[in-house]
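Now for the letters of each chain:
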Amino acid sequence: MANPEHVMGVVGSYPLLIALWLLPLAGAVLCWAFGPQLKRAAGWLATAVAFAAFALTVASWGSGTQSLNGALGADQPLVRWMPGFHLGLLLDPLSLLWACIITGVGALIHLYSIGYMEGDSAFARFFAYMNFFLFAMLTLVLSDNFVGLLIGWGLVGLASYFLIGFWFYKPSAVAAARKAFVINVAGDVGIMFAIFLIVQKTGSIGFGNAFAAADTYGPTLLLAICISLFIGAAAKSAQVPLHTWLPDAMEGPTPVSALIHAATMVTAGVYLIARCAPLWSHDGNAQLLVGTIGGVTALTGAVLGMVQWDIKRILAYSTMSQIGYMIMGVGVGAYEAGVAHFFTHAFFKAQLFLGSGLIIHALANEQDVRRMGGLRKRLPFAFIAMLVGVLAICGIPGLSGSFSKDAVIQGALNHGHPWLYAVGIVTAGMTAYYMFRMLFVTFFGRYRGEIDPSELGIRHPEFAGTAAHADTGGHDSHHAPAWLMNLPVAILIVPSIFAGWLLYGGADSPWHRFFDPQFGVAAPANVPISELTTTLVTLAFVAVGILVAYLRYGTAAARESAVERLRRESVGMWPILANAFYFDVALDALFVKTSEMLGRLVSRVLDPHVVDGTVREAAIAAQGSGALVRSLQTGFVRAYAVFLAVGIACFAAFYAFHGVH
Amino acid sequence: MLLALVLLPIIAGSAMLLLRGEDRRLYRGIGVVVALATLVLAVAARSEDWSAPWLRAPFVANFHLGIGALAFWLIVLLALCTACAVLAVESARPRALVGQLLLLEGTMLGLFISRDLLLFALFYDLMLVPVFFVLLERGEHPRDAWRYIIYNFAGGLLLLFATAAFGVLHGTTDVIGSAGNAISGAWVPWIFWGFAIAFLVKTPAFPLHTWMPNTYASLPPPVAAVVGAVQSKAGLYGFFVIAMTLMPQEIARYSTALIVLGTISLLYGAVAALVQTDAKRVVAYSSLSHLGLIVIAIATQQPLALAGAALYIVAHGLFTAALFIGLGYVEEREETRSLARLRGIGANNPRLAGALTIAGLAMLGLPGLAGFVGELVIITGIVQSGNVAVAVVAVISVVLASAYVLRLFQGIVNGPVAHDLPVRRDLTWREGIAIAPLLLALLYLGVNPHAVLASGSVAIPRAPQSSAAGVTTP
């Protein structure tokens, strides 16, 4: 306020903003402290809190988009954090969009969870974590400075850790939670490092200052800052090679996967890069790096998505691939397109996850698609929900995914990255293949749940996401009304279909009018290939993907021989694909094994035998026969006497050198 | 009142050692009251200054007491930790243990409020005595007691020699907390290293640390809490009030050596903590790592790093004490500290699991808790001082910290219930109250580090180029 150059938005008092930020924290504390008393009411309390936060977000809409003297958004100074450093909240179009998705989709998933988690022994704890996640994620997107962002960044990692490891008696869930947390801390320190560099240059942690100084950093420092930030973004958003925690994170309850590991938290990296657009726009190398990693991730996720059998892992790799698109978009500079893909993806991917949750719930925790089949008649609503989600993610024209995905692909070309353009189109075809593969195997043909797993090529049913999961959470006694889980899915169908239309109309679309003040109006690009052509080419690839999936899994003959085909595919899977390109093995060997080896070297060799050697001898000598008095008389007192004599000698030497004054 | 501050716990502790009977509630009660009384006395006597003549030859030394800004926070930490530790004492013979804890508190209080180097050195040695006897009587092996006393007494003697040399050179040792006593000359490097080695033993830092894992593992948890949290800060405090103010040229001259030692400690402790199977040793080695970071901060002399160090000294004390007390509860219930055997405590002890969670998260530097702020500010300062490579090592150790803390925490709390271990009830009210203040303080300082940083413990620099950050408030 005193220093207008630091301020991004319009400074004032915005009680709604503080309320919407703190409300979920209050909900979390209540659910946590009074869980045993609240029992089932904890779910309703947390859900009400989420809906209230969404209402407050919508109510703050005006303050988030106001524009006064070129300033943008509502700026709420909060606390003096350290002398010279202040923390505050910022609501501008970007954070407003994220806050809407976090609270809106979050509220629907809370509602769904009341049904899904029914009967779990730690029902209230689950909702405490969920509300805490909302608070953490809101901290992340509403902060007006890097430290606040980092605090949110760390806290969403914690919430994710708690929720992945929610069933903490399962060793696999515990291991997955730890892996996710440690990889995310590696990302946190990336952001920390960026903060160090920014503070060194600008003496400030505020976004406003950091961005205003964007053209004074010099190329080396700017690239270092961008890379540091991107390490954080890559870890959180599961970009290659830091993606390996995301598939494992599916150990958490399905609503968690929908909220945290699909719709919101994993897109934090997209938010970070969009937020730091002024930095990226100044550095072509950083754009190239981030765009390329995004493209590689999109492709890798799609390839691995084609060979998964666990329905949640199919969706997890799909999420990774779609975030790759978003990162590619914001990376190359097509910020509005990348952010738009986050927006539409949040709806259709949440819907896909919640739809898969309906299946998993109905099949007593079965997650392996090989043991499904023919569910179309048994679960018609889940089928419709999944079908809409699949069509949306494939980019069928008119549904939400088509608008945003085409915008990203076109954006890569417009910003001069033809290779990424090609990757985007190919990945779209692969996406269509693995999504329709899932659809055919799950919903068509005959139900295979009663067949012996080994006939389907499932070698280790206890590890393969099969009914061995049945001990998780005790869902058997659920009596929740079906509408609790069906209603949120039904509501999500609407934006899954229509949300993309906000982008309709090119430069005059509501989307562009909303975001142009934030990212600036893009200069009309010299477009080598028109948008219509791009859409048609993408559609051709999508059609091929669907066709291949149909021929392999959808035809009447394929459905008849499904058991044999699935067995053959499972057994004959290439090791490189079965091991997901060995990323896990490589990371393990490079980092985990190495540091453990160093640790053993230190604590078994260096410490006892090298560093401590001499003194240990002295200790053993002093200890003598073990009798206290004798050792006092022998070793210890003698040592003392020696020290004393040395000391006196030192004094003597000192006076001898200096003489007596 | 300053004299009363030191004498109260010493007299109470000594009296307790002479008394008879083993009434647990009585002695715990007295101990907590005395510890809290010292807290009140310290706040009341914060601006007092008390002095009496002591030596006139060969140099001037006085019984000079006063509370500096950093010392104040250390005293608050000490009183809090002692109160919590006394409350957490669980022993069939609590009398001597509580007595030794009070003696420990009194001697350390004396150290922190000494304004005279000779007095400082005296208390530096005196505070070893209670720990030594606890180790001898209740440690796992007498060897640990001897190792502790030999290392630390050797450090104490070096400190005494350095003090004497300083006194002879400067004419007086009544110099702590008063400006204008910086010395220079050919002998000063020797004096500096005398002090520095003594402080590095106490902290400890590589390669003088090998007494520490055994000591921490061997001590009863409440004593380990006070020693790990506060006694380990005596050396760092010495760097602040002695090395930095009296020998600023030397600390600048040898900063590279100190930074190297600190950096090795940082990494060495972190990788060693990754593979320990004794839960307390994980915390011990993590301490080596975290305090190494403070040594680096001191060596850089960068104002931001020093401010962060002051905060991290307090934060580290809080989470170390909380973890040792919490691990003590675990050991009491499961009768083992071996990570190979412990698992699944969380199912039957949710409150204990919650306490360990918060303490562990503070240790791994979770944003929002006090440890994070300290680390962030220190490493920011390290980068500002130009040691970017050291900062890289520091952030690597942050990642390692998350790995070893989760290994420790999940190993104890998560997984299926261990059926070969006893199942005991969750935290009692007393046990909960003994750990809760530490956790609340961690949370408070994480949200509002301003409380410690603005108290003038260290002069906070203004930001280098512009005067403000984030959102500026007038």
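It should be emphasised that the depicted structure is a prediction, and the values quoted were computed from it without experimental measurement.

So, on to the overall build of chain A. Assigned secondary structure in chain A consists of 30 helices and five strands. For chain A, long-range pairs separated by at least 24 residues make up 81% of all intrachain contacts whose partners lie at least 6 apart in sequence. Carbon and sulfur atoms make up 69% of the accessible area of chain A, which totals about 23,900 Å².

What follows is about the overall build of chain B. Each helix and strand counted, chain B has 21 helices and two strands in total. In terms of overall dimensions, chain B is globule-like: its C-alpha atoms have a radius of gyration of 21 Å, near the 23 Å expected for 474 residues. By principal-axis analysis of the C-alpha atoms, chain B measures approximately 65 × 55 × 50 Å. Residues classed as buried in chain B amount to 68% of the 474 residues present. Total accessible area on chain B stands at roughly 14,200 Å², and carbon and sulfur atoms take up 66% of it. Positive and negative side-chain charges of chain B, numbering 27 and 22 respectively, have mean locations separated by a distance of 3 Å.

Take the packing of helix α4 (residues 94–113) of chain B against helix α5 (residues 117–126) of chain B next. The description of two packed helices rests on the angle between their axes and on the distance between the axes. Residue and element names in this part refer to chain B. For the pair α4 and α5, the least separation of the axes is 8 Å and the interaxial angle reads 155°. Taken together, the axes of α4 and α5 are roughly antiparallel relative to one another. Of the two elements, α4 crosses α5, and the hand of that crossing is left-handed. Contact residues: α4 offers Thr-107, Gly-110 and Leu-111, while α5 offers Phe-120, Phe-123, Tyr-124 and Leu-126. A breakdown of the residues in the contact of α4 with α5 according to their chemical character gives five nonpolar, two polar and no charged.

This part is about empty space enclosed by the protein. Overall, the coordinates contain nine cavities of 30 Å³ or more when judged by the stated rule. Estimates place the volume of the largest cavity at around 130 Å³. Looking at the largest cavity, it is lined by 16 residues, and the ones nearest its centre are Val-185 and Asp-188 of chain A together with Gly-365, Leu-366 and Pro-367 of chain B. Secondary structure elements with two or more residues in the lining of the largest cavity: α7 (146–164) and α8 (171–202) of chain A. Residue contributions to the lining of the largest cavity peak at six residues, all from α8 of chain A. Partitioned by chemical class, the residues of the lining of the largest cavity number ten nonpolar, four polar and two charged.

Looking now at the pairing of strand β1 (residues 49–55) of chain B. Residues and elements named next belong to chain B. As judged from the six bridges shared by β1 and strand β2 (residues 61–66), these two strands associate in the antiparallel manner. The partner of Ser-51 across the bridge, within β2, is His-64. Turn length for the β1-β2 hairpin, with the two strands adjacent in sequence and antiparallel, is five residues.

Trp-98, Leu-279 and Trp-280 of chain A together with Ile-412 of chain B are the most contacted members of the largest nonpolar core, which totals 415 residues. By residue number, the principal contributor to this core is helix α15 (residues 303–334) of chain B, which donates 21 residues. Ranked by size, the runner-up nonpolar core spans five residues in total, among them Phe-59, Ala-61, Leu-118 and Val-168 of chain B.

Here the focus is the pairing of strand β4 (residues 74–82) of chain A. Residues and elements named next belong to chain A. Bridge count for strand β1 (residues 10–11) against β4 is two bridges, and the pairing is parallel. Following the sheet pairing, Val-10 is matched in β4 by Ala-74. Where β4 lies against strand β5 (residues 85–91), seven bridges are found, and the strand directions are antiparallel. Looking across to β5, one finds that Met-82 is bridged to Phe-85.

Looking now at the confidence of the model for chain B. Residue and element names in this part refer to chain B. For chain B, per-residue confidence averages 89 on the pLDDT scale, and residues scoring 70 or more make up 96% of the total. Every residue in residues 459–474 is under pLDDT 50, and counting partners more than four places away or in other chains gives 51 contacts. The ipTM value of the predicted complex is 0.89, and its pTM value is 0.90.

A few words now on the side chain of Arg-448 of chain A. Residues and elements named next belong to chain A. Inspection of the secondary structure assignment puts Arg-448 in the loop between α21 (418–443) and α22 (482–498). The side chain of Arg-448 sits in the buried core without any salt bridge; Asp-368 is the nearest counter-charge, 7.4 Å away. Apart from residues no more than four positions distant in its own chain, Arg-448 is found in contact with Val-369, Arg-370, Arg-371, Met-372, Gly-373, Val-441, Leu-456, Ala-562, Val-563 and Leu-566.

A few words now on the environment of Ala-52 of chain B. Residue and element names in this part refer to chain B. Mapped onto the fold, Ala-52 is located in strand β1. Linking Ala-52 and Leu-65, residues 13 residues apart in sequence, is a C-alpha distance of 9.0 Å. With near-sequence residues (within four places) excluded, Ala-52 lies in contact with Asn-62 and Phe-63.

Another point: helix α20 (residues 400–414) of chain A. All names here are of chain A. Taking 1.5 Å of rise per residue, 15 residues should cover 21 Å, and α20 covers 21 Å from first to last C-alpha, within 8% of that figure. With respect to burial, α20 is a largely interior element, 13 of its 15 residues being buried. Gly-416, located one to two residues past α20, shows a positive phi value of around 85°.

With respect to the helices and strands, Leu-502 of chain A occurs in the loop between α22 and α23 (510–519). Those residues within four positions of Leu-502 of chain A in sequence are excluded, and the remaining contacts are Phe-343, Ser-509, Pro-510 and Trp-511 of chain A.

Moving on: the sheet that holds β4 of chain A. The three strands are arranged β1-β4-β5 (chain A) in an open sheet whose pairing can be described as mixed. Single-partner strands in this sheet number two, and they are β1 and β5 of chain A.

In this section: the pattern of salt bridges. Evaluation of the coordinates by the stated rule reveals 27 salt bridges over all chains. In this structure, a network of salt bridges that share partners links the residues Lys-179, Asp-248, Arg-313 and Asp-584 of chain A.

All names here are of chain A. Geometrically, the link from Val-240 to Pro-241 is a cis peptide bond, its omega value of 0° lying close to zero. With respect to the secondary-structure elements, Pro-241 resides in the loop between α10 (219–236) and α11 (245–248). Despite not being glycine, Ala-238 shows a phi value in the positive range, around 55°. Tracing the backbone through its elements, the reader meets Ala-238 in the loop between α10 and α11.

Two cysteines whose sulfur atoms are joined by a covalent bond form what is called a disulfide. All names here are of chain B. All chains considered together, the criterion is met by zero disulfides over all chains. Not part of a disulfide, Cys-84 finds its nearest cysteine sulfur in Cys-81, a span of 6.7 Å. Given the relative accessible area of 4%, Cys-84 is considered buried.

On inspection of all chains with the given rule, the structure shows 50 aromatic pairs over all chains. An angle of 0° between the planes, with centres 5.7 Å apart, marks the rings of Phe-207 of chain A and Phe-211 of chain A as stacked. Remark: Phe-211 of chain A and Phe-207 of chain A occur in helix α9 (residues 207–212); sequence separation between them is four residues, near one turn of the helix. The structure contains a cluster of three or more aromatic residues connected by ring pairs, namely Phe-123, Phe-126, Phe-127, Tyr-129, Tyr-161, Phe-162, Phe-166, Trp-167 and Phe-181 of chain A. Over the aromatic face of Tyr-447 of chain A sits the side chain of Arg-378 of chain A, whose NZ or CZ is 5.2 Å from the ring centroid. The ring of Phe-72 of chain B has Arg-46 of chain B lying over it, and the distance from NZ or CZ to the ring centre is 3.7 Å.

Residues and elements named next belong to chain B. On the surface, a nonpolar cluster with roughly 810 Å² of combined accessible area is contributed by Leu-3, Leu-7, Ile-11, Trp-50, Trp-54, Phe-63, Leu-122, Leu-126, Val-129 and Phe-133. Per element, the largest residue contribution to the nonpolar patch is three residues, and it comes from helix α1 (residues 2–18). Tracing the backbone shows Leu-126 in helix α5.

Residue and element names in this part refer to chain A. Direction vectors running N to C along helix α1 (residues 15–33) and helix α6 (residues 123–142) enclose 155°, while the axes themselves pass 7 Å from each other. Viewed along their axes, α1 and α6 adopt a mutual orientation that is roughly antiparallel. You can see that α1 and α6 cross each other, and the crossing is left-handed. Contacts between α1 and α6 involve Leu-17, Leu-20, Trp-21, Leu-22, Pro-24, Leu-25, Gly-27, Ala-28, Cys-31 and Trp-32 from the former and Ala-124, Phe-127, Ala-128, Asn-131, Phe-132, Leu-134, Phe-135, Leu-138, Thr-139 and Leu-142 from the latter.

Residues and elements named next belong to chain A. Taken residue by residue, chain A gives an average pLDDT of 85. The fraction at 70 or more is 86%. Low pLDDT, under 50, characterises residues 463–477; the predicted model gives this stretch 38 contacts beyond four residues in sequence or across chains. When the criterion is pLDDT under 50, residues 624–635 qualifies, and its contacts beyond four places in sequence or with other chains add up to ten contacts.

Thresholds, definitions, all that
- Residues numbered from 1 in each chain as written.
- Chains lettered and ligands numbered in written order.
- Predicted model: local features only at pLDDT ≥ 70, side-chain atom pairs only at ≥ 80, totals over all residues.
- Heavy atoms only, no water.
- Helix = DSSP H or I, 4+ residues; strand = E, 2+ residues; numbered from the N terminus.
- Contact = heavy atoms within 4.5 Å.
- Areas by Shrake-Rupley, 256 points an atom, 1.4 Å probe, with all protein chains shown as cover.
- Rg over C-alpha atoms; globule rule 2.2 N^0.38 Å.
- Buried < 20%, exposed > 50% of the residue type's maximum accessible area, 1.4 Å probe, protein only.
- Lys, Arg positive; Asp, Glu negative; His and termini not counted.
- Charge placed at Lys NZ, Arg CZ, Asp CG, Glu CD.
- Axes fitted to C-alpha atoms, helices over the stretch in contact; angles between N-to-C directions.
- Parallel < 35°, antiparallel > 145°, perpendicular 65-115°, else oblique.
- Left-handed = near helix turned anticlockwise from the far one by under 90°.
- Nonpolar A, V, L, I, M, F, W, Y, C, P; charged D, E, K, R; others polar.
- 1 Å grid on protein atoms, 1.4 Å probe; cavity = no way out; pocket = protein on both sides within 12 Å on 5 of 7 lines; lining within 4 Å.
- Points joined across faces, edges and corners; volume = space filled by probe spheres on them.
- Pairing = 2+ DSSP bridges.
- Core = buried A, V, L, I, M, F, W, Y, C linked by side-chain atoms within 4.5 Å.
- pLDDT = per-residue confidence, 0-100.
- Salt bridge = Lys/Arg side-chain N within 4 Å of Asp/Glu carboxyl O.
- Expected span 1.5 Å × (residues − 1).
- Disulfide = S-S within 2.5 Å.
- Phe/Tyr/Trp six-rings, centres within 6.5 Å; stacked < 30°, edge-to-face > 60°.
- Lys NZ or Arg CZ within 6 Å of the ring centre and 35° of its normal.
- Patch = residues over 30% accessible without salt bridge, like charges linked within 9 Å, V, L, I, M, F, W, Y side chains within 5 Å.

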